[in-house]
Every structure is written in structure tokens, then in C-alpha cells.
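Take a look at the letters that make up each chain.
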Amino acid sequence: MRSDIRPRLSWILSASLAVLAAFTLSALIAPPAEAQRKKILNIAAKEPDNLDPHSSTIGQSQAISRFMYRGLTRFAIKDGKVTTAEVEPDLAESWKISPDGTVWTFTLRRGVPFHKGFGDVTADDVKFSFERQIKRAPGTRFGVNLDMIKSIEVVDPHTVQIVLKAFDPVFPIRMAGYQQGYILSKKAVEKFGEQYKWNPIGTGPFVFERHAPRDKIVLKAFDRFHRGRPQIDEVHWFDVPEDATKLIGLEKGTFDAIYPEAVSADFESQVKKMGAVIDRRGPGSQDRFYINMTKPPFDDIRVRKAFMHAIDRKAIKETLYPGGLGRLAVSPVPVGYFGHTPVEIPSYDPELAKKLLAESGHPNGLTIKNYFISKSFTFPKTMTLVQEQLTKVGIIVELQLVEHATYHDNIRKNLNPFVLFGGIRLPDADPWLSLFFHSSEIPDPATGNKGTNFAHYKGIDDLLVAGRQERDPKKRAAIYHEAQRRIMRDAVCLPLNEVPNEWARNPKRLSTPFDPEYGEDALHFTYNYPELLKILN
């Protein structure tokens, strides 16, 4: 199947030349004087769906959020690398922990300013930022990662006390600047209301300047950033959906870094030919299927198992990520996450799939109509392969391609009986399993719950509670091992592939502070510390 990728890419590259030329002249070329005066970082990605870091799970949104926001803690820099296993102070200057580990008292740095004159960070902002998620304010997505909080008390403007329901071994990591950990300006959110999503106010190294829909987002260096003004003056984040167009721009110097939809062997070859590099960071993302166990026909475990046995995971991996571009997933928790363990995953066995379908009352197979799939990233390619494989056992899937944001909306309305999803989270089993398998995260349009437990699974709630209370790392890991075995026993998730987070970069124009080959953890970040990026030449 890969044999026709290169010709197709070449055709797209040629067709994109004229588009990029016009795009470059109209949108990217600054006047000579301004170009000489400013250091501008040009990034080609996709337009974020919004800039409220508590409300979007889309990678582009979380990547650009890192430029603008910070948390109480930050991921520690150790031995020239960024680790998510340890944290160090950021907006918090220090913290104290009660002997039983349930009371955390954070002392904030004094004089840390929010952008655009919204005052300095106070304990009220911290309390507000966490409680809007705990209370599930409309649109927020990460409250489940703060459910262990019992209460938050403002001791004084620079001291906040957080009381937990029970000991939580990863609580300091939850406080880091990522998703639920970002601190927002209470005044700004209350002022802008629904429009806050396009009026972001944080404390990060770059300030939101403007948004031109379907064109670009402009950020400017924050002169008062508490760790020092960044070297880059402006960041221009361009909406460029096609990878072919991004590659042309990278080669011509229009873009300094690009966020690809997917890195194929052909993409990697093109990057190397032009003298650019691919920064790979892990653990990276895992692609997988969640099967809604509450609706026919997949409420029958035999149908769920038939679905899994019909899919040739190895063929999908070798088609999309040949060689070292990716690896076959061996568990519903990715490699590199605390608590990961390999578990038994159903083998490719189409004859067994047919047998299970017949036993479940579908001897002639079944048809799934109006199955929505995103146009973005590897979603359409993956689903086309899966569609072909399922057809061989009698499962017919009628695909409907939709925009990525629409796909996110539709799967939270439970419109797909099984959901293809990719994910990156804090590399610990608790936040990963909580978001994707805890019963509180079952999406429900009636209540407005937009969680990501697409399997509607309730089978490991007890283990998640036990894991949060266990202090012994070995015992805690064993709890998560059992959780992974249950998930596969109940046939609610089929892990497919794992791929590192990958950005293509012009090393003659942009330097990174850490080793690009797994030199810093990926999460959804463009780069973990964007304030340390430097424009060269």
C-alpha cells in the first residue's frame, strides 16, 4: 500500500507550490526593516479550536497553550533533559506537605504578572483555576484529574492550601503547567466569559496578540515573564492543513518548524533531503479503539472480540509507521508510563472473528452506517485500512469524513459505536486511565459531560481509587497492571500503535535547548520550554 504514497506526495507537492507562493507573499514576508529588527518564529501547524487550556484536548491547542500559560510547578530539567517524573517550583515558590500527604500548602512567587495588565498571580487565581474544572464549568475537560481535591483555601494573597480526599502520589505532577495545571487569570475569565477562548490571559513567555481565522495566530514576547524575556520576539502560528505545503515551506525557509499530520517514511526522507531534522520526543501518542459496551451490537462481548480479531494491527503499523517510525502497542497504557505492563491483546484471526459473529447472532455480518471519522492526521488512513479488514469478516463500515473539531464533537455525542482516538497525557497510569476509563468520564450529551471514556466502561473504578491511596510504588504499579488486564479481559479497548511526538525543524534557523531525540517529554507541547528556543542567523 505504501508503493503509491511517494507519487501521490510528489503530485501534492507540485500542486501546492503556487498556493504556497501566494501564501508566502501575502501572509508571511515581513517588510525588510521589520524582518531585520525582529526575531520571528514561523510555525506551520493547524489552527487551534480555542486557546482556553482547560477546554481543549486537540494537540494543536495544547501545543500553543504552552507558550502562554504556566502552572504552580514545572517539569524538572535534569541532566540536560526534561522529565515528567519530577517537578520543581514555577508559579509556586515552595510548598509544604502534611505528614499524611493530604494537605499541600503552596507559597506563590510574589510579583508574577499576568499578561495585558490583569495584575499579579494570587491565591484567588489558583483557587479559581482549579475549581472551574472541579465544578465542571461548561467546556472544561480535565476536572477528573483534580477529583482528589477536597477543598481549596486562600490563606492569604500569596498562600493557598489544598486539602486532598486521600494521599495522591502524583499530585505535584498534576500541578505542573499542562492541561488541568495551568493557572488562568480569574479577572480575565470573568471579564471575557465565553469569549475567553480567544482572549487568553496567562503568565507564560508569550502574549496573545491576535487571531486571523484560517490564517494565523500571532504571539509576542512577554517582557515581564518571570523567568526573563524570551529571545524570540514573535511567534506566528500558521494554519496549514496539508503536510505537503508545510514541507515546501520548511525547505524554502518560510517556516522554521512544522507540526505534521503524520510522519511517514516519505515525509522523513523529504526532511532529511532538505537538511532539516525531526525532533522526536516520547513516550508519545498511542492510537487505539474504544468500543462502546453499552449499545448493540457491541454490548455483546463476542461482537467486541470479533471486532478485535478482525483487525491486523501489525499490518496497520507497518503501513503507517514502517520500521522505527512507530511501534506496536502492547497494552492500553503506553510504554514509558508509570504502571505500564504488557498484556495479552487479541491476535489477528479473521476466521475466529467470523465464528464469534455467528455465535452472537450475526452469521451474515453486520453494517455500521454513518460512521464519522476525522479528515486529519492518520485518522482516514487508519480507518480505510480497518474498513478493508473488517469487510473481510462481514462487518461493513460506511465512513463519513468530517473536520477534526466536528469529529471531537460527534464522538462525545456517542455517535460512533467504536471510537478511534489518539492520546498523550501525563506519563503515569492514573491520569491516563482516569481520563479514558473512569466512569465519571463517560460522555453524555444530556448532562454536557464531554469526557473521553468512549467505551462507557466502569470496570476499574475501584482500582483507580486504590492506586491513588497506595504509597508503595511497587504495590501501586501492581494495581495498574491489574487494571490493564481487566480492560483487555472485558474487550473494551484495542491498542494499535505508539509513535513519538515529532516536529520537523530547520536547525539553521531554530535551535532547541535539549537533545531532539527524546531529549524532553512530549505531552502535547511544541517544545516544553519555548522561552528557551532561539532564532539563529
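You'll find the structure just up there.
This section reports on the structure supplied with the text. (Residues numbered from 1 in each chain as written. Predicted model: local features only at pLDDT ≥ 70, side-chain atom pairs only at ≥ 80, totals over all residues. Heavy atoms only, no water.)

1. Digging into the packing of aromatic side chains
As enumerated under the stated definition, the model contains 27 aromatic pairs in all. Ring geometry for Y259 and F377: centres 6.5 Å apart, planes at 50 degrees, overall tilted. In this pair, Y259 is assigned in the loop between β11 (257-258) and α8 (265-273) and F377 in the loop between β14 (366-374) and α12 (379-391), connecting sequence segments 118 residues apart. With relative accessibility at 13%, the residue Y259 sits in the buried group. Of the aromatic side chains, those joined through ring pairs into one cluster are Y290, Y337, F421, W432, F436, F437, F454 and Y457. Above the plane of the ring of Y529 lies R66, whose end atom (NZ or CZ) is 5.5 Å from the centre. Lying across the ring of F167, R471 places its NZ or CZ 4.2 Å from the centre. (Phe/Tyr/Trp six-rings, centres within 6.5 Å; stacked < 30°, edge-to-face > 60°. Helix = DSSP H or I, 4+ residues; strand = E, 2+ residues; numbered from the N terminus. Buried < 20%, exposed > 50% of the residue type's maximum accessible area, 1.4 Å probe, protein only. Lys NZ or Arg CZ within 6 Å of the ring centre and 35° of its normal.)

2. Quick look at unusual backbone geometry
Cis geometry is adopted by the peptide bond preceding P297, which originates at P296 and carries an omega value of 0 degrees. Mapped onto the secondary structure, P297 falls in the loop between β12 (277-291) and α9 (301-309). Phi at N370 takes a positive value of approximately 50 degrees, unusual for a residue other than glycine. Position of N370 among the secondary structure elements: in strand β14.

3. Concerning the pattern of salt bridges
What the rule picks out here adds up to 36 salt bridges. For K197, the salt bridge is made with E194, and the minimal N-O distance between the two is 3.3 Å. By relative accessible area, which is 57% here, E194 ends up exposed. For D243, the salt bridge goes to K246, with nearest N and O atoms at 3.2 Å. On the criterion of helical spacing, the pair formed by D243 and K246 is a turn pair, its members being three residues apart in helix α7 (residues 243-252). For the pair D243 and K246, one class covers both residues: buried. Each member of the salt-bridge network shares a partner with another, and the members are R70, D90, R227 and E531. (Salt bridge = Lys/Arg side-chain N within 4 Å of Asp/Glu carboxyl O.)

4. Points about the environment of K187
Relative to the helices and strands, K187 resides in helix α6 (residues 186-192). You can call K187 exposed: its relative accessible area is 55%. Residues K187 and G119, 68 residues apart in the sequence, show an inter-C-alpha distance of 8.8 Å. Look past the residues within four positions of K187 in its chain and what remains in contact with it is F118 and D125. (Contact = heavy atoms within 4.5 Å.)

5. Considerations on empty space enclosed by the protein
Where empty space is left can be seen by rolling a probe of water-molecule size over the atoms. The tally for this structure, following the rule as stated, stands at one cavity of 30 Å³ or more. The computed volume of the largest cavity comes to approximately 550 Å³. Taken together, 29 residues make up the lining of the largest cavity; nearest its centre are Y259, S285, D287, F377 and G422. At the level of elements, β12, α12, α13 (404-411), β16 (418-423) and β17 (493-505) are the ones that each hand at least two residues to the lining of the largest cavity. (1 Å grid on protein atoms, 1.4 Å probe; cavity = no way out; pocket = protein on both sides within 12 Å on 5 of 7 lines; lining within 4 Å. Points joined across faces, edges and corners; volume = space filled by probe spheres on them.)

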